[in-house]
Amino acid sequence: MRSLSRRGFLGVLAAAGGSAALAGCGALGIDTPPGQTGDTLPSARPLPEPYRVPLPRPAVVRPVGTEGGADLYAITQRSADVEILPGTRTTIWGYDGTFPGPTFETRTGRPIVVRHRNELPVPTVVHLHGGHTPPESDGWPLDLLLPVGQPTAHQHMPGDLALGTRDHHYPTTQRAATLWYHDHRMDFTGPAVYFGLAGLHLVRDEVEEALPLPRGDREIPLVLCDRSFTADAQFAYPALDRTLTRLPGVEDEWMEGVLGDCILVNGAPWPVAEVDAARHRLRILNAANARRFSLALEVPGGPNLPFTQIGSDGGLLAAPVEHATLDVAPGERFDVVVDLGQVPVGTEVTMVNVLGRGGTREVLRFRVVRAARDDSAVPTRLSEVEQLVPGPVRREFVFRRGALGDHRGWTINDRTFDPDGSQADVPLGETEVWRFRTDVHHPVHVHLDPFQVLARDGRGPGPFDGGWKDTVDVRPGEIVDVAVRFSDYAGRFVMHCHNLEHEDMAMMATVRTTRSKP
Ligand code: C2O
Ligand code: CU
Ligand code: CU
């Protein structure tokens, strides 16, 4: 019933002409939480009390050797039973059987090769999000890595198929940044990431290391996501095709996005971290399929602590930016420093999502347990950020709902994803202005190179748009202009909405980069 009424409502809006009709409309329907595009999938079992389990840190993966002058890493994609809800086991799909996957620690100027082996029951495609990667290694959504021992299945598929293992070459020529890697198989990215195929990939360089930022134990990766659970503590996902092999998408009720009711940080439900009374660097990744976070740091009886943003998707900002709340859309990363030395030892500082209600408002707690020396600082100059200067070429991409065959889906310029038809042929080295327009919220992501936000609704960039971005949160009925410039690699890449339900239901476009004419 609830979906029926909402469908009716959206039908009226679509008929009224899409984006304009939705602008400024805070609530899409009674069951769409404020600030979200998506619907809550309630868990079929009780969830744990917040702030009872320790914050885990994903393991760091070490190279197993070298290959052609590059560090060689080996990752096995496999399922594993892990404890997420205390006292229960959840079957995940994980890189090396962990969720999140292990963290890569890499350096600018040091190429790496990652050899992926697929022991899962379905084909996979791994993509390094934010990576400046040649097309053969970028994770084209049809370049399937077939499971070990499944030589005949899927051979009708048109991509570059690999059986069992595939090497991804990452030149790592880019500046220091917080990247992440995740599954990217056409039509099935949402469930694959939901079941656990996501991890962090850090790039470090001298510029960053020369800064007196918090480091070591005081640099904390925070992979945020939301999940719902079945009665027997498995991840609940409303896929239309439970085998995840043929029919893409989710049940109609969740086509706007799947919102879980349990918030996980680094794979643990509402964890707590015991920390020094000192500055900490938080590398925040929103790895949720659809949920947006607007984070705040609450101090009992006192004012909230601010976030000092030092970096965005594409690495360090030119100068720090202070935020009272931090909006983080799916796919985005924010590198921030928070000063937990501002509160007395014994204080519990709670990171909340002000867009949430009840359990989904809670995220993570810092328990400040000891006084400590703190030599860190946030310098007023962080890095050199080149300002892109746009040339004459302008393109517009409209992100909105539309038909996907007989089903409802999501489109870019009224087209569903067509791997063979390019929606933009862009010469390498040219800076273009791309305009993104939306109906509902769409976090727009572009592969290969980061971009810079020029304007929102004709005004300047928003507070969360600073620096190099590869994913931009385009709000309902909004117009965002960005400057894009691709370099080095000619070939086929994608741009898409990073609401993974939208992406799977066809909100993706092929971008072809071409060598400039001599
Ligand atoms: Cu985070 Cu195309 O991906
Ligand atoms: Cu990407
Ligand atoms: Cu979208």
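None of these values were measured; they are calculated from a predicted model. (Residues numbered from 1 in each chain as written. Chains lettered and ligands numbered in written order. Predicted model: local features only at pLDDT ≥ 70, side-chain atom pairs only at ≥ 80, totals over all residues. Heavy atoms only, no water.)

## What about the coordination of the copper ion (ligand 2)?
Protein ligation of the copper ion (ligand 2) involves His 127 (NE2) and His 445 (NE2), the donor distances falling in the range 1.9 Å. Here His 127, found in strand S7 (residues 126-129), pairs with His 445, found in strand S30 (residues 442-446); they are 318 residues apart in sequence, far enough to count as distant. When sorted by exposure, His 127 lands in the same class as His 445, which is buried. (Donors = N, O, S within 2.8 Å, 3.2 Å for Na, K, Ca; no water. Helix = DSSP H or I, 4+ residues; strand = E, 2+ residues; numbered from the N terminus. Buried < 20%, exposed > 50% of the residue type's maximum accessible area, 1.4 Å probe, protein only.)

## Observations regarding the coordination of the copper ion (ligand 3)
Here the copper ion (ligand 3) is held by the protein donor atoms His 442 (ND1), Cys 497 (SG) and His 502 (ND1), which lie 2.0 to 2.1 Å from it. Mapped onto the polypeptide sequence, the residues donating to the copper ion (ligand 3) form the spacing pattern H-x54-C-x4-H. Residue His 442 is located in strand S30, and its partner His 502 is located in helix H5 (residues 500-504); the two are separated by 60 residues in the primary sequence. Residues His 442 and His 502 agree in their burial class; the two are buried.

## Describing the pairing of strand S32 (residues 471-474)
Residues of S32 alternate between two faces, with Thr 471 and Asp 473 on one and Val 472 and Val 474 on the opposite face, all of them buried. By the bridge criterion, four bridges tie S30 to S32 in an arrangement that is antiparallel. Following the sheet pairing, His 445 is matched in S32 by Thr 471. (Pairing = 2+ DSSP bridges.)

## Describing the pattern of salt bridges
Tallying each qualifying case throughout the model produces 43 salt bridges. For Asp 71, the salt bridge identified is with Arg 110, shortest N-O distance 2.7 Å. Remark: Arg 110 occurs in the loop between strand S5 (101-107) and strand S6 (112-118) and Asp 71 occurs in strand S3 (residues 70-82); sequence separation between them is 39 residues. With relative accessibility at 11%, the residue Asp 71 sits in the buried group. Note on Arg 110: relative accessible area 45%, which makes it partly exposed. Salt-bridge contacts for Lys 469 lead to Asp 313; the nearest nitrogen and oxygen are separated by 3.2 Å. Here the residue Lys 469 occupies a position in the loop between strand S31 (451-456) and S32, and Asp 313 occupies one in the loop between strand S20 (307-312) and strand S21 (315-323), the gap between them amounting to 156 residues. Lys 469 gets classed as buried once you look at its relative accessible area, which sits at 0%. Overlapping salt bridges bring together Glu 105, Arg 204, Glu 208, Glu 219, Arg 281, Arg 283 and Asp 335 as one network. (Salt bridge = Lys/Arg side-chain N within 4 Å of Asp/Glu carboxyl O.)

## Here's the deal with the side chain of Asp 481
Tracing the backbone through its elements, the reader meets Asp 481 in strand S33 (residues 479-485). Setting aside residues no more than four positions away along its own chain, Asp 481 makes contact with Val 433, Trp 434, Arg 435, Gln 452, Val 453, Leu 454 and Ala 455. (Contact = heavy atoms within 4.5 Å.)

## Digging into the nonpolar core
The tendency in soluble globular proteins is for nonpolar side chains to be buried side by side. By size, the foremost hydrophobic cluster in this structure holds 106 residues, and its most contacted members are Met 351, Phe 366, Trp 434 and Phe 436. Those residues within four positions of Met 351 in sequence are excluded, and the remaining contacts are Tyr 51, Leu 222, Leu 282, Ile 284, Leu 295, Ala 296, Leu 297, Phe 307, Glu 362, Val 363, Leu 364 and Phe 366. (Core = buried A, V, L, I, M, F, W, Y, C linked by side-chain atoms within 4.5 Å.)

## Looking at the domain arrangement of the protein
Taken domain by domain, the protein comprises domain 1 (2-29 + 385-514), domain 2 (55-209) and domain 3 (216-371). Inter-centroid distance (C-alpha atoms) of domain 1 to domain 3 is 24 Å. In this assembly, 31 residues from domain 1 lie in contact with 33 residues from domain 3. Summed over both partners, the interface of domain 1 with domain 3 comes to about 2600 Å²; 50% of that surface belongs to carbon and sulfur atoms. Applying the counting criterion to the domain 1 and domain 3 interface returns six salt bridges. (Domains from an automatic or database assignment. Buried area = accessible area lost by both parts, 1.4 Å probe.)

## Some points on the confidence of the model for the protein
On average, the protein scores 93 in pLDDT, and the residues at 70 or more come to 92%. Contacts for the low-pLDDT stretch residues 1-30, under 50 throughout, to residues beyond four places or in other chains number 38 contacts. (pLDDT = per-residue confidence, 0-100.)

## Remarks on the pairing of S30
S30 sits mainly inside the fold: five of its five residues count as buried. Along S30, one buried face is formed by His 442, Val 444 and Val 446 and the opposite face, lined by Pro 443 and His 445, is buried too. Note that S30 and strand S34 (residues 491-497) share three bridges and pair antiparallel. Counted as the bridge partner of Val 446 is Met 495 from S34.

## Thoughts on the sheet that holds strand S29 (residues 431-438)
Two strands in a sheet stick together by hydrogen bonds in their backbones, pointing the same way (parallel) or opposite ways (antiparallel). The mixed open sheet is built from five strands, whose spatial order is S27-S26-S29-S33-S31. Lying at the two open borders of the sheet, with one neighbouring strand each, are strand S27 (407-412) and S31. Within this sheet the neighbouring strands show an average axis-to-axis angle of 20°, counted without direction. Bridging between strand S26 (residues 394-404) and S29 involves six bridges; their strand directions are parallel. The residue of S29 that forms the bridge with Arg 395 is Trp 434. (Axes fitted to C-alpha atoms, helices over the stretch in contact; angles between N-to-C directions.)

## Examining the packing of aromatic side chains
Tallied over the full model, the rule gives 17 aromatic pairs. Considering the side-chain rings of Tyr 194 and Tyr 237, the 5.0 Å spacing of their centres and the 55° angle between planes classify their relative orientation as tilted. You can see Tyr 194 sitting in helix H3 (residues 189-194) and its partner Tyr 237 sitting in the loop between strand S13 (219-227) and strand S14 (258-259), a full 43 residues away along the chain. Here the two residues Tyr 194 and Tyr 237 agree in accessibility, since each one is buried. Between Phe 397 and Trp 434, the aromatic rings sit 4.9 Å apart at their centres with planes inclined by 55°, giving tilted as the arrangement. Of the two residues, Phe 397 sits in strand S26 while Trp 434 sits in strand S29, which places them 37 residues apart along the sequence. When its relative accessible area of 0% is taken as the criterion, Trp 434 is described as buried. Through a chain of ring-to-ring contacts, the aromatic side chains of Trp 93, Phe 99, Tyr 194, Phe 195, Phe 229, Phe 235 and Tyr 237 assemble into a single cluster. Against the face of Tyr 194 rests Arg 227, its NZ or CZ located 4.5 Å from the ring centre. (Phe/Tyr/Trp six-rings, centres within 6.5 Å; stacked < 30°, edge-to-face > 60°. Lys NZ or Arg CZ within 6 Å of the ring centre and 35° of its normal.)

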